[in-house]
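# Understanding the architecture of this molecule
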Amino acid sequence: HQRQQEEQKQQIQAVQDQQLQQLQQLQQQLEDHQRQQEEHRQQQEEQQQQVQVLQDQQHEEHQRQLQQQQQEHQRQFQALRDQVQRIQQEHQQQTAELRQQNEVLRTDEHRLTQDIAGLTARVDQLTRTTERLSTVQQLIPHLNVTIAQTRASHLRALSTTLQALLNPVQTAAQLQFVERLAQRSDLARGFYGTNGAAYRATIQGRNCCVKVLYNITTGMETRQLLARYDTERRLLERLGPHPNVLRVFHSFVDTVELRELPSWDATYFSNKTLFVVQELHSTSLQLLIRARQDQRGSAPFFDRAEIIQLLCGMVDAVLFLFEHHVVHRDFKADNVLVAPPEREGEPFVSVLADFGEALDMTHMPDWKMPLLADFPRGGAPFYLPPEVVLAEPGPGSVLDYSKSD
């Protein structure tokens, strides 16, 4: 048993020695493995270092190449930008030159157009002047005849006025009423006014027109009746006689039995009324135009000589008012009375009438009246000039009558 134990101990010792030897071998293998791992780690580190160095070198090379490419791109971009700027400058210069050339061409074209227009206008003007000279040459004989006849008419008018002044009329009894010149329908169309009745009468064998103004207010006194006509009367007295301005010989207030007058048709009136004795004319320009339309049917309604005579009379009347600083303010065909020639060779005589809207502008030499508040502008609005119709009241506003008639 001891021998077996000894043998077991020896076996155990042998096993232990064997295990120890194996352990030492394992330790040696472990150390070798660790050494190999260390060497491998060192190799990896060296490889990593080499890789890092290579990467750094490649990165530096890549950066250098990028910088070189950027610099090259910048140089190319700068070259392109310089080229673009140069092209733009050349384009701008060419555009400016083209614009200057276009401006020169446009100026030349405009100048040529103006020259052509001027030449055309000059040719037209010369043509019109030639036509006017031809027309004037044709009108000279008519004008000479009209001037001579107008002078004679002036003398007759002055003679008639002097006779009327030497034989004043102060009562209706001095008048012999012959006939009424127009019915109320004609009065409404503007023949001798619409505020009374017009009669043909005689004074010591001389024909005249008597205007009987309606007196609606029975209690009105003589001075009040005269005051209605006083402004127009004083204005006509200041103007004096003119063959183309209606002559008013007398005005007075009298009491008569108006119902006994021929064709009297007023309903409400007073027998005490105003009488105005004035020059007699058979018709107005408006009625004469209508009569010629009915006779001839189509234009022209007047011969050239008749037109010259009528226009000369109206122009003389307006010029006469202008010289005396008077504005009529109601110039229209209804207020132009016409005396047709009584014998062959005598002229038409046109006379401006109805000065109820006239203004004495002596105190306003520039023909401008301040318009601070609304003020009667004149007669029919359709015949007034736009600068009078459209004027608005207010500070600095005026009624400009310089071209009214």
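These numbers were taken from a predicted model, which means no experiment stands behind them.

### Things to note about the sheet that holds strand β6 (residues 283–284)
Read from one edge of the open sheet, three strands run β6-β8-β9, paired in antiparallel fashion. The open sheet has two edge strands, β6 and β9 (349–352), and neither has a second partner. Pairing analysis gives four bridges linking strand β8 (residues 336–339) to β9, with the strands arranged antiparallel. Each residue of the ladder has a partner; that of Val336, found in β9, is Leu352. Contacting β8 and β9, helix α5 (residues 304–323) runs over the sheet at an angle of about 30° to β9.

### Looking at the confidence of the model for the protein chain
Across the protein chain, the average pLDDT comes to 81, with 83% of residues at or above 70. Counted against residues more than four places away or in other chains, residues 184–194, with its pLDDT under 50, gives 31 contacts.

### As for the environment of Ala198
Mapped onto the fold, Ala198 is located in strand β2 (residues 196–203). By relative accessible area, which is 2% here, Ala198 ends up buried. Along the chain, Ala198 and Cys209 lie eleven residues apart, while their C-alpha atoms are 6.7 Å from each other.

### Comments concerning the sheet that holds strand β1 (residues 176–180)
Ordered in space as β1-β2-β3-β5-β4, the five strands form an open sheet in which the pairing is antiparallel. Every other strand in the sheet has two partners, leaving β1 and β4 (248–255) as the edge strands with one partner each. Between one strand axis and the next, the sheet turns through 30° on average, direction left out of account.

### Quick notes on the side chain of His328
By the element assignment, His328 lies in the loop between β7 (326–327) and β8. Overall, the relative accessible area of 0% leaves His328 in the buried class. Separated by 2.9 Å, the side chain of His328 and the backbone oxygen of Ala353 make a polar contact. For His328, the side chain forms a polar contact with the main-chain oxygen of Asp354, separated by 3.0 Å. Not counting chain neighbours up to four residues away, the residues in contact with His328 comprise Leu321, Asn335, Leu352, Ala353, Asp354, Phe355, Glu357, Ala358 and Asp405.

Rules used throughout
- Residues numbered from 1 in each chain as written.
- Predicted model: local features only at pLDDT ≥ 70, side-chain atom pairs only at ≥ 80, totals over all residues.
- Heavy atoms only, no water.
- Pairing = 2+ DSSP bridges.
- Helix = DSSP H or I, 4+ residues; strand = E, 2+ residues; numbered from the N terminus.
- Contact = heavy atoms within 4.5 Å.
- Axes fitted to C-alpha atoms, helices over the stretch in contact; angles between N-to-C directions.
- pLDDT = per-residue confidence, 0-100.
- Buried < 20%, exposed > 50% of the residue type's maximum accessible area, 1.4 Å probe, protein only.
- Polar contact = N/O pair within 3.5 Å; in protein donor to acceptor, adjacent residues only side chain to side chain.

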